[in-house]
Amino acid sequence: MIHSLFLVNATGDIFLEKHWKSVVSRSVCDYFFEAQERATEPENIPPVIPTPHHYLISVLRHRIYFVAVIQSEVPPLFVIEFLHRVVDTFQDYFGVCTEAAIKDNVVVVYELLEEMLDNGFPLATESNILKELIKPPTILRTVVNTITGSTNVGEQLPTGQLSVVPWRRTGVKYTNNEAYFDVVEEIDAIIDKSGSTITAEIQGVIDACVKLTGMPDLTLSFMNPRLLDDVSFHPCVRFKRWEAERILSFIPPDGNFRLLSYHVSSQNLVAIPVYVKHNITFREGSSQGRFDLTLGPKQTMGKAVESVLVSSQLPRGVLNTSLNPSQGTYTFDPVTKLLSWDVGKINPQKLPSLKGTMSLQAGASKPDENPTINIQFKIQQLAISGLKVNRLDMYGEKYKPFKGIKYMTKAGKFQVRT
Amino acid sequence: LHSASQSELITSTESCFRHLHSLLPDDFLNIITLDLHDDLKEMLDSNKDSLKLEAMKRIVAMIARGKNASDLFPAVVKNVACKNIEVKKLVYVYLVRYAEEQQDLALLSISTFQRGLKDPNQLIRASALRVLSSIRVTIIVPIMMLAIKEAASDMSPYVRKTAAHAIPKLYSLDPEQKDQLIEVIEKLLADKTTLVAGSVVMAFEEVCPERIDLIHKNYRKLCNLLIDVEEWGQVVIINMLTRYARTQFLNPNINGGEKAFYEKKAEAAALAKRKPYVMDPDHRLLLRNTKPLLQSRNAAVVMAVAQLYFHLAPKAEVGVIAKALVRLMRSHSEVQYVVLQNVATMTIKRRGMFEPYLKSFYIRSTDPTQIKILKLEVLTNLANETNISTILREFQTYIKSMDKDFVAATIQAIGRCATNIGEVRDTCLNGLVQLLSNRDELVVAESVVVIKKLLQMQPEQHSDIIKHMAKLTDNIQVPMARASILWLIGEYCEHVPKIAPDVLRKMAKTFTNEEDIVKLQIINLAAKLYLTNSKQTKLLTQYVLNLAKYDQNYDIRDRARFIRQLIVPTDKSGALSKYAKKLFLALKPAPVLESPFKDRDHFQLGSLSHLLNAKAGGYQELPDWPESAPDPSVRNVEVKDSVRAGGTVTLRGRALGLSEESGSGSESEESEEESESEEEEEEEEDEEEERAKKKKKVDKSKPKKPESAESDQSSGEEQKRIRKGGKDRRSGTESESEDESESESSESESESEEESESDTDIKKKKKPTPSPQVTPVNSFLSNSLVTDLEGLSLTDTVLTIAPSSSVRLYELLHRITGEGLAVEYCFSRQPFSPDPHMVAVQIQFTNNTTSEAKSLHIEEPKLQSGMRIKEFPEIEVLPAGESVNVVMGIDFCDSTQAANFQLCTHIRKFFVSIQPPVGELMTPAFLTENEFKKEQGQLMGMNEISEKLTLGEKCQSEHVIVERVTSTANLSRVPCGSDKESRFAGKTVSSGSLVLVTVTRKDGAGALLTVNCEKMVIGTMLVKDILQALTQ
């Protein structure tokens, strides 16, 4: 399946290579660089590139290209999904997944890659199992290791791989037993010029941080499970129980994991928490354009809209802007033509606005396209779909865990067309 | 000053070095690196582990950077037996990387791994095999082969999994070993653990994907295990099963319009002959068991299921995948890219499926261009009369985008919508014409090209557009667009007779400065005008042709020469010039604007080949459906096996039961159960032996049965007693695995693991003489055995074991009508071993005549659709006065319709029919109380039928009720806490739907009968029958 893996940074250097079968020369990456050159934007490199003898499948994350070399038929998603899993694992281990972090921990990276694939076929991808095999580096451990000469490789043999719950490591112990669940919902929306919603949907996830001793068996129930239209689970969730009772029942992995992601059906009306009043005009023959933008809250269920960030790609003809924000700061990059305005919190009494003029290239005709406005925001303590967790129970262990549930709504791909 | 000079010094030495590098030959550099390596060698030779580790880390870092470290091989390989685990692992990494280059030296390490293969610890055995098989040295092929074979029958599933992984490695090293490897694969395919399943199917796909026959026996097991296999294995298994199903089952859409539409006549004739389509239950099993995986978090699994449904499911059911695929679109852009490609292909075949999700494909300005273009493709494919206006409105906003490649693609999309949907053709055309005044030249050019294609469809009505476009030649510079306009004017010069010569005049002026494709079209235009309007254009044409004659490009010179010969009549010109007009002005068919994704579905979706639209190496063609179904019985496995497979089905299912128990139970109980199940999985080897032991135990408990049947004790007490007995026996089993369960609860895992391993090793050695085979004769017994193995409580099954003494005999052929031959039949309630979906019917022939009856057999069964018959072997001779028993199997398809057939002797034929009472259409199912409640909870509403009744006089005690119910229907008793209630459970033979019966006694003779069954007809009939039995 996966023959080799090359890690390529933004400047086109191969800084790590790993082969699972016989060695493939790194010159195979030349095809990738060719494709990179052809693509105008980094994200436009086709994920699958055929070469005379191999196929290159690549993903781009954290400005690093992970280029897998394969030789014969394999479902492309299989490779892509695996590569993303590798990145997630690195992130989990090193906190960040940057070129520097990978170079600093090259031995751990190599050991991880060795365990994750055998002969190109995934062997252990569960982070809980990997952590039993190879301990993640921490500052303390690095210090201890240099002094005592002990190792990062787990001394115990991993039993998790053999158990019926392969995602949980055995012998977990905590003094404070706690389980936190974050319900995070993202609104994806396209709003048209006149302010009406073209499409809007809610994508939610429940991320968990579970630190519980032993083998706890948890159940989580919702007040209104009918809201969830399409769900996908962590493998620990018992599917039949969900089908029958709409209850999430699971033995959780240790640590952080994504329990569930869901979709709220588009049949339900989606509340749009902010509105935008905009007036962006270019006049024919003049080298000036008007820019006028006001934000306001709408359907927020009484909660404050925070961390608002507005960004927009202005037309190529715009040379510079001179704008005046009523609050927050704005920047305009004359090279990329990217305008971004860090608004902060929306105060319903005094709506934030950004007004001023844009200077255009002299003599050029007026740009016929209007920029799209992308908005980011956060609303704490609110799940916009109205989803509510009813209760969380634990079986199988005797202690009383500390439980917590947090709700948050964020903007996903939230666009306003002008 | 001092520091300044120092830094100067440093820079100067640096530059010196750089100089050296550039000046010195490569050898010198090598010496330098070798020196470095000497340092590493020293570290490796030291006896301090920390130094070795440091050295290995540096070496691995070199490998990672792609630097050559092969000269260190001897120094590194020495450390292969190092005690330090991390050093060892890094040595393995090194070894696997360089063994191929240093074959001789690599052999030094082999003995270490061979020792490792014998280690008592399963994880060490596995890792030794893993490294050994990764060393690509041809000499050790026989050693590897031996190791793989041994590991394939290891008792640890983890080692067996590693063996499966090793198979493709060996195969790629030496393809000669194929036959032997296939044997190993065959063996591992029969493995029943989820851990092995994915890996062995992977090996199967790499080594022998054509040996589809190896799958038959394992098909059902794979389907049932699927949900518990790890996600990567799921992908491989699903893809393989898709191919398998294509060879073994019939096309479920054969009656649908699709095919009949194209090959109407042939198909219709074939249809007439063909029996109505009934889906093979195995086909259904696959579809049912893969569906939950659409909820997987792994995009590859979701895609695999989606393609399976697309290729295998009946049209009406494919829709379920749309939602899951749309969900994947939220994922990383690479995932989106692949999913959209597949969606694009699907939308061509089954547009309706994605129509509800139209808006999910709307394009955002932040999408990468390649995603935008794919989304556009999907939107175009989804366009139809009803949604076209929304789509066009959406397209209008896209045209204003800053991304010009995307705008160009949008214009093409509009063109395609216009050709596909007649109603909007004019609207689209008008819109495109407006775009001609766009400021961006690319947009204009693209519009021209698209308009050209549209106009070809109905040029007469659009001469004004052509005029408009003729004007554009003054401004537009994009060669493709200019060429298109010129072609259009030339082709339809009759519609614009005044403008065309003028355009030619202008073009003649600029001819020399034009691009090649434009020049060709100018020549083309000139030729066409010469033919239609030679008066005005003769000179112009001559001029253009003369210019072309001396052009730099030989294509153009060539074309000019060719055209001159063709159109200008000279005495030398041949016969062709007569037809010049026909040649040039022939009616050209309008271009069909097709999706590039059309017909891509002949590649298996989700595959690399589909994505590239070219066959990738190692791609297995998706076979066409067979014309007639191959024998479905190849997938049958012996009954005990199939029951067992059903038992191991789901870990999730089991974990479920576990959780319910753990609500009240303690931790220790849980871990106990777990260790038990683990042990059970690990010890396939010991299983036979265990079974033998358990069988003995069951035998021991068996004599109790008549007592319990006779005793008039209140049954609640009786239950308790039996349960106690069951528990005792269970604790008996536990005592065997006491070591494990104890060590499991203790903290030191690795130790306990070893301990338990060695423990099982000893057991293996102690293995007694081969256990007596469990004969399928008394399959009830083996059933209960299995349930016992599964850790279910045994409680009341003893009751059901009692062979129903009241087996009713039915008459098939009366002595008189049969002319002395009397035939009776009964439902023996034994599983019919050749096919578990059939009801066993025992038939008794009695010959009352004075002569022999010969060759008794069945002929011409007349069956309802879906029903099947398995005839008994022909009875050659039945002597006078004798009788004989045979068993035949009938699949009634869960209906009480009679099976009609002819019973033949050597002289006569008799029409007979067998009609089953509803109670015989089921087999007992063994459930625990909790399972029963849970299943009942799922079968509420329409599926539940309740009836009040008054119990008959003799029918007041629970004992009698149980007897009556079990004699009416082939059900098993389910344990129950309350003594007022009796519960029974069974499954229909053919489809396996659960049948749950509850009888609740009220005060006096009143009672409530509840039947829960998915099949309402069966439920209703069963209520009627039981009611009758209880009220008598």
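Calculation criteria
All residue numbers here refer to positions counted from 1 along the written sequence of the relevant chain. A letter from A marks each chain and a number from 1 marks each ligand, given out in the order of writing. For this predicted model, a pLDDT threshold of at least 70 governs which residues receive local features, and a threshold of 80 or more governs which side-chain atom pairs are given and counted, while totals over whole chains, interfaces and linings are taken from all residues. No hydrogens and no water enter the side-chain calculation; it runs on all heavy atoms of the structure. UniProt positions are given in the numbering used here, feature names are shortened, and annotations may be inferred rather than shown by experiment. DSSP bridges decide pairing: two strands pair if at least two such bridges lie between them. Secondary structure elements are taken from DSSP: a helix is a run of H or I of four residues or more, a strand is a run of E of two residues or more, and numbering for both begins at the N terminus. For helices, the fitted line uses only the C-alpha atoms of the stretch in contact; every axis is such a line through C-alpha atoms, and the angle between N-to-C directions lies from 0 to 180 degrees. Roughly parallel covers angles under 35 degrees, roughly antiparallel covers those over 145, roughly perpendicular covers 65 to 115, and oblique covers all other angles. Should the near helix be turned counterclockwise from the far one by less than a right angle, the crossing is left-handed, whereas a clockwise turn marks it as right-handed. Here a residue-residue contact requires only that any non-hydrogen atoms of the pair lie within 4.5 Å. Amino acids are sorted into nonpolar (Ala, Val, Leu, Ile, Met, Phe, Trp, Tyr, Cys and Pro), charged (Asp, Glu, Lys and Arg) and polar (every other residue, Gly among them).

Going by what an unreviewed UniProt entry lists, chain B is known as AP-3 complex subunit beta and is assigned to Pygocentrus nattereri. Under the UniProt heading Sequence similarities (unreviewed entry), the note attached to chain B is "Belongs to the adaptor complexes large subunit family."

With an unreviewed UniProt entry as reference, chain A is termed AP-3 complex subunit mu-2, source organism Pygocentrus nattereri. According to the UniProt record, the Sequence similarities (unreviewed entry) comment for chain A is "Belongs to the adaptor complexes medium subunit family."

(A) The arrangement of the sheet that holds strand S14 (residues 274–282) of chain A in detail. Residue and element names in this part refer to chain A. Reading across from one edge, S14-S15-S20-S17 is the order of the 4 strands in this open sheet, with antiparallel pairing throughout. In this open sheet, the two edge strands, each paired with only one partner strand, are S14 and strand S17 (318–325). The mean inter-strand angle of the sheet, taken between neighbouring strand axes irrespective of direction, is 15 degrees.

(B) Structural detail: the packing of helix H2 (residues 76–94) of chain A against helix H17 (residues 299–312) of chain B. Contact geometry of H2 of chain A with H17 of chain B gives a least axis separation of 8 Å together with a crossing angle of 165 degrees. Considering the angle they form, H2 of chain A stands roughly antiparallel to H17 of chain B. Considering only the axes of H2 of chain A and H17 of chain B, their crossing is right-handed. Judged by residue contacts, Leu77, Phe78 and Glu81 of chain A of H2 of chain A engage Ala299, Ala300 and Met303 of chain B from H17 of chain B. Residue composition of the contact of H2 of chain A with H17 of chain B, by class: 5 nonpolar, no polar and 1 charged.

(C) Inspection of the packing of helix H26 (residues 463–472) of chain B against helix H27 (residues 479–491) of chain B at higher detail. Residue and element names in this part refer to chain B. Interaxial distance between H26 and H27 falls to 10 Å at its minimum, and their mutual angle equals 135 degrees. In this view, H26 runs oblique relative to H27, as classed from their interaxial angle. Where H26 crosses over H27, the handedness of that crossing is left-handed. Contact residues: H26 offers Ile466, Met469, Ala470 and Leu472, while H27 offers Ile485, Leu488 and Ile489. The residue inventory of the contact of H26 with H27, partitioned by class, reads 7 nonpolar, no polar and no charged.

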